Every structure is written in C-alpha cells, then in structure tokens.
Amino acid sequence: MRYSYEAISVFPEVFDAYFGSSILGKAQDRGIFSFTAHNLRDWTHDRHKTVDDAPFGGGAGMLMKPAPIFEAFDAISAASNEKPYVVFFTPTGTPFTQQVAERLSKKPRIVFMCGRYEGIDQRAYSLADEELSLGDYVLTGGELACMVVVDAIVRLLPGALGDEMSAQDESFSAGLLEYEQYTRPSSYRGMNVPEVLLSGNHGKIASWRRANALERTVLRRPDLLEQATLSKEEELFVQQLLNTRIKENDES
Ligand code: ADE
C-alpha cells in the first residue's frame, strides 16, 4: 500500500529539502508513501491571493480566513476516492506522542492543515478529525509540526526503514526510554563500554538492556512508567530504584 500525505500551507516549498532527503526521500522513491504540499493561495480569488484578515473583536495580528481553507479541502478531498483523515496543527491541540504516531501510521491518507499568522478562523476547525500540538510552545506555523509528525509516522510504515526491527526497539515504542548503546572502540578516552555488551551472551545482553531502559526511565522520565507494561519482577526493580532515588533526594 502507498500511504498518501498532503499538507496545505502558505509556504509549501519549505517541505522540499526535508522530504527530498535521506531516508524519507528513499522511502518515497520506493513508493512507500507520497507527500504533496499544496499552496493555500491557490484557493484565493483576489489579486493579492489573500489568506488572512483581522480578527473580529479586535486584537493584534491576523487570522487565516475560512474560505480558502474550505475550498482547498473540497478540492483536495475530491481528487482521490480515499476520504482523507484531516489533522490541524495548533498549540491548543492534543499533545503529539509516539502512540499518536502509531495510530496515524494506519491511516492510508492524511491531509495536514498548517496554520500561520496568529491562528485560524474557528469555523475551519470543523474540517478537522483531530487537532495536534507538538508541545507547550508556540511555533510561527504548522509546517515544522507537520514535518515532525510525518517523519514520525513514515518511519513506522512497513519497509520504510529498510530494517523492520529498528522501529520496534526504540524509545517510547515499549513505553520506556531506550537503553544506552555503544559502538567501537570498546574503550575511548578512559570511558569503557559495559563489559556485558562485549560478552556475546545474548540472554545477559537482553537483560542488561531491559534493566538499563528501566533505570533510565526511572531517572529521566518517571512519568512514562504509569503507561509501561512491566513484569512483576520489573515492577519490584523499579520500586527499588524509585526508593533509592527518594532516599538520595532526602539526603541531599
Ligand atoms: N503551531 C504553532 N505552534 C504549534 C505547536 N506547538 N504545535 C502544533 N502546531 C503549532
């Protein structure tokens, strides 16, 4: 199956370099997905191709007008039999996570609306199946958010990475942060690779990696542990780590 992603933007050219390069470029060449950026100004009718206007009620900045957005969606939706899933980008949306990426990676066709200026006329959001935020900060537009989201989705598509395993094993996919990794040389500037990784004992290596992932998650992102699936033994291990942490905090 070829997955189809489209963006509506007033700066459609900003996507070219990123989607043309490296893994994403290759995945497109291999027909795994397509990405098309549409210029919102193509659906304006005035000489200046106006897409924004002042907000009713006053206030600073300009808003994106509803009409070009609605017309763009009518035209883009009608161009294929596959009804698109529609995503709008806004800091007021639901936070984008790996789980959202996994869910979106099942959709055959997605159209992303990238806002600019101070926001979008509220009526345009009636077109959205979902509103996504990249995080609690304000970007100048949705284009960067769109690139991030498409990147995170595409690497989950079957065959996109070439190596099916690598998308599986990483941070967040198991609800934990990824374990530490090392390559040659085994000793560098006095820093040594953990002995067990050089042992060739795959069982021991797997246990070390799991324990290391748990430790890192406890130290860096304990909030993730609530969602993670842990064995009884692992829960005990985590509890011990958390207790040590609490004790260390009390002592300092
Ligand atoms: N547009 C502006 N800021 C954004 C954010 N944080 N997430 C998604 N879209 C945005």
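In case you missed it, the structure is sitting above this.
Every value quoted in this text rests on a predicted model; they were computed, and no experiment measured them. (Residues numbered from 1 in each chain as written. Predicted model: local features only at pLDDT ≥ 70, side-chain atom pairs only at ≥ 80, totals over all residues. Heavy atoms only, no water.)

K.L.:
I'd like to hear about the site of the ligand, residue by residue, with values.
P.N.:
The local shell around the ligand consists of F89, T90, P91, L132, S133, L134, G135, Y137, V138, L139 and A145. Between a nitrogen atom of the ligand and a main-chain N or O atom of T90, the distance comes to 3.3 Å. Between L134 and the ligand, the recorded distance is 2.8 Å, taken from a backbone N or O atom to a nitrogen atom. Burial of the ligand by the protein amounts to 95% of the accessible area it has alone, namely 260 Å². Within the residue set of the shell around the ligand, elements represented by two or more residues are β5 (85-95) and β7 (130-133). Looking at the shell around the ligand residue by residue, the class counts come to 8 nonpolar, 3 polar and no charged. (Near = heavy atom within 4 Å. Polar contact = N/O pair within 3.5 Å; in protein donor to acceptor, adjacent residues only side chain to side chain. Areas by Shrake-Rupley, 256 points an atom, 1.4 Å probe, with all protein chains shown as cover. Helix = DSSP H or I, 4+ residues; strand = E, 2+ residues; numbered from the N terminus. Nonpolar A, V, L, I, M, F, W, Y, C, P; charged D, E, K, R; others polar.)

K.L.:
Outline unusual backbone geometry, listing residues and values.
P.N.:
In this chain, R184 is followed by P185 through a cis amide linkage whose omega measures 0°. A positive phi is found at S22, a non-glycine position, where the angle reads about 40°. In this fold, S22 is placed in helix α2 (residues 22-29). Backbone geometry places K49, a non-glycine residue, at a positive phi of 50°. Assignment of secondary structure puts K49 in the loop between β2 (33-39) and β3 (52-53).

K.L.:
Would you mind going over the environment of E215 in detail, with residue names and values included?
P.N.:
Residue position: E215 is located in helix α6 (residues 202-220). When near neighbours in sequence (up to four residues on either side) are disregarded, E215 contacts F237 and L241. (Contact = heavy atoms within 4.5 Å.)

K.L.:
Could you give me a rundown of the pattern of salt bridges, with the residues and numbers involved?
P.N.:
Enumeration according to the criterion identifies 7 salt bridges in this entry. Of the charged contacts in the structure, one is a salt bridge between E143 and R116, with a shortest N-O distance of 3.0 Å. With E143 in helix α5 (residues 143-154) and R116 in the loop between β6 (109-113) and β7, this residue pair connects regions lying 27 residues apart in the sequence. By relative accessible area, which is 1% here, E143 ends up buried. (Salt bridge = Lys/Arg side-chain N within 4 Å of Asp/Glu carboxyl O. Buried < 20%, exposed > 50% of the residue type's maximum accessible area, 1.4 Å probe, protein only.)

K.L.:
Any chance you could break down the packing of aromatic side chains for me, citing the residues and the numbers?
P.N.:
The relative placement of two aromatic rings is captured by the distance of their centres and the angle of their planes. Applying the stated criterion across every chain, the model contains 9 aromatic pairs. For the pair Y5 and F112, a centre-to-centre distance of 6.4 Å together with 45° between the ring planes defines the contact as tilted. Taken together, the residues span a long stretch of sequence, with Y5 in strand β1 (residues 3-9) and F112 in strand β6 at a distance of 107 residues. For the pair Y5 and F112, a shared accessibility class is recorded, and that class is buried. Taken together through their ring pairs, the aromatic side chains of Y5, F33, F89 and F112 make up a single cluster. The side chain of K107 reaches across the aromatic face of Y85, ending 4.2 Å from its centre. (Phe/Tyr/Trp six-rings, centres within 6.5 Å; stacked < 30°, edge-to-face > 60°. Lys NZ or Arg CZ within 6 Å of the ring centre and 35° of its normal.)

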